[in-house]
Amino acid sequence: MSTQRKDIHNSEVPLVCRSCEARHRGVCGALDEQQLIQLSKHTHRTKHDPEEELFAAESSSTHYSNVLRGVVKLTKLMPDGRQQIVGLQFSPDFLGRPFEKTNRLDAQAADEVELCSFPRSVLNDLIKNSPDLERKLFEQTLRELDESREMMLTLGRKTASEKVATFLHLLATHIDPELENHEGPIEFELALKRSDIADYLGLTIETVSRQMTK
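Procedures and definitions
- Residues numbered from 1 in each chain as written.
- Predicted model: local features only at pLDDT ≥ 70, side-chain atom pairs only at ≥ 80, totals over all residues.
- Heavy atoms only, no water.
- Helix = DSSP H or I, 4+ residues; strand = E, 2+ residues; numbered from the N terminus.
- Buried < 20%, exposed > 50% of the residue type's maximum accessible area, 1.4 Å probe, protein only.
- Lys, Arg positive; Asp, Glu negative; His and termini not counted.
- Salt bridge = Lys/Arg side-chain N within 4 Å of Asp/Glu carboxyl O.
- Polar contact = N/O pair within 3.5 Å; in protein donor to acceptor, adjacent residues only side chain to side chain.
- Contact = heavy atoms within 4.5 Å.
- Pairing = 2+ DSSP bridges.
- Axes fitted to C-alpha atoms, helices over the stretch in contact; angles between N-to-C directions.

(A) Structural detail: the side chain of D106. Within the secondary structure layout, D106 lies in strand β7 (residues 106-109). This buried residue, D106, is left without a salt bridge; K76 holds the nearest opposite charge, at 7.4 Å. For D106, the side chain forms a polar contact with the main-chain nitrogen of A57, separated by 2.9 Å. If sequence neighbours within four positions are ignored, D106 has contacts with E53, F55, A56, A57, K73, L74, T75 and L77.

Following this line, the structure appears as structure tokens:
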């Protein structure tokens, strides 16, 4: 991450950051050049296989991450062992809870995931000195709150077919925001297994399979 080129627009921003989704649509877009350089000195990129644990609930929160590729499942485990997927995060979402010392949820890779991670202390310092960064994180929090409210409606009021359709729309438009206004057939990778979709939507695997067939 420290490799820099100064011959493009006289910028010292690392080349890998300039083409990064988190730089253009994520929280890093709120940073000025010097702040981005400062953060990049502490970042590292990692790749994770499907079902790999990214962090566990109640574990120490030492790092935050930007999701660069793939889908991350946020889950809550009940005392009897049942699991509920309570959220999904996509590129270029920010993964973590600022200023919290412990993680509240379990996070797993739903498919092949790539993260750009940085120490919690480094970003916390940047947040204190960057109102734009604080606002960007606040905007993502509000967006996730809106999605949670929509999910409450989906779980409480929608039929099985409506639940599956809502999930497919959510997945497609997060993978490619331009699909929101697309007309005609589209194709995209189904990042979650049917058992995960069933868990997320509060349905059985058999019901999800029937609705997918329709």
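Right, picking up where we left off after that structure.
(B) The pattern of salt bridges, seen in detail. Inspection of every chain in the model, using the stated rule, returns 11 salt bridges. Here E51 ties to K73 by a salt bridge, and the two come within 3.2 Å at their closest N and O atoms. With E51 in the loop between β1 (44-48) and β2 (53-55) and K73 in strand β4 (residues 71-77), this residue pair connects regions lying 22 residues apart in the sequence. Salt bridges sharing partners connect three or more residues here, namely R45, R69, E112 and E114.

(C) Spotlight on the side chain of T43. Position of T43 relative to the elements: it lies in the loop between α3 (33-40) and β1. Using a relative accessible area of 12% as the deciding quantity, one classes T43 as buried. Of the polar contacts made by the side chain of T43, one reaches the backbone oxygen of S40; its length is 3.1 Å.

(D) Structural detail: the pairing of strand β5 (residues 83-90). Bridge count between β4 and β5: seven bridges; the pairing is antiparallel. Its bridge partner lying in β5, V71 is registered against F90. Hairpin connection of β4 to β5: five residues between the antiparallel strands, including G81 at a positive phi of 100°.

(E) Here's a closer look at the sheet that holds β5. Across the sheet, four strands lie side by side as β2-β7-β4-β5; this open sheet has antiparallel pairing. Looking along the sheet, the strands with just one partner apiece sit at the ends: β2 and β5. Each strand of the sheet is rotated relative to its neighbour by a mean of 35°, with strand direction disregarded. The pairing of β4 with β7 spans four bridges and is classified as antiparallel. Residue pairing across strands places L74 opposite A107, the latter belonging to β7.

(F) Structural context of unusual backbone geometry. Cis geometry is adopted by the peptide bond preceding P92, which originates at S91 and carries an omega value of 5°. Mapped onto the fold, P92 is located in the loop between β5 and β6 (94-95). Positive phi, normally seen in glycine, also occurs at E51, with a value near 75°. What makes E51 partly exposed here is its relative accessible area of 32%. At E58, a position not held by glycine, the phi torsion is positive, near 75°. Secondary-structure assignment places E58 in the loop between β2 and β3 (63-69).

Note that every value here comes from positions in space, so none of it alone points to a role or purpose.
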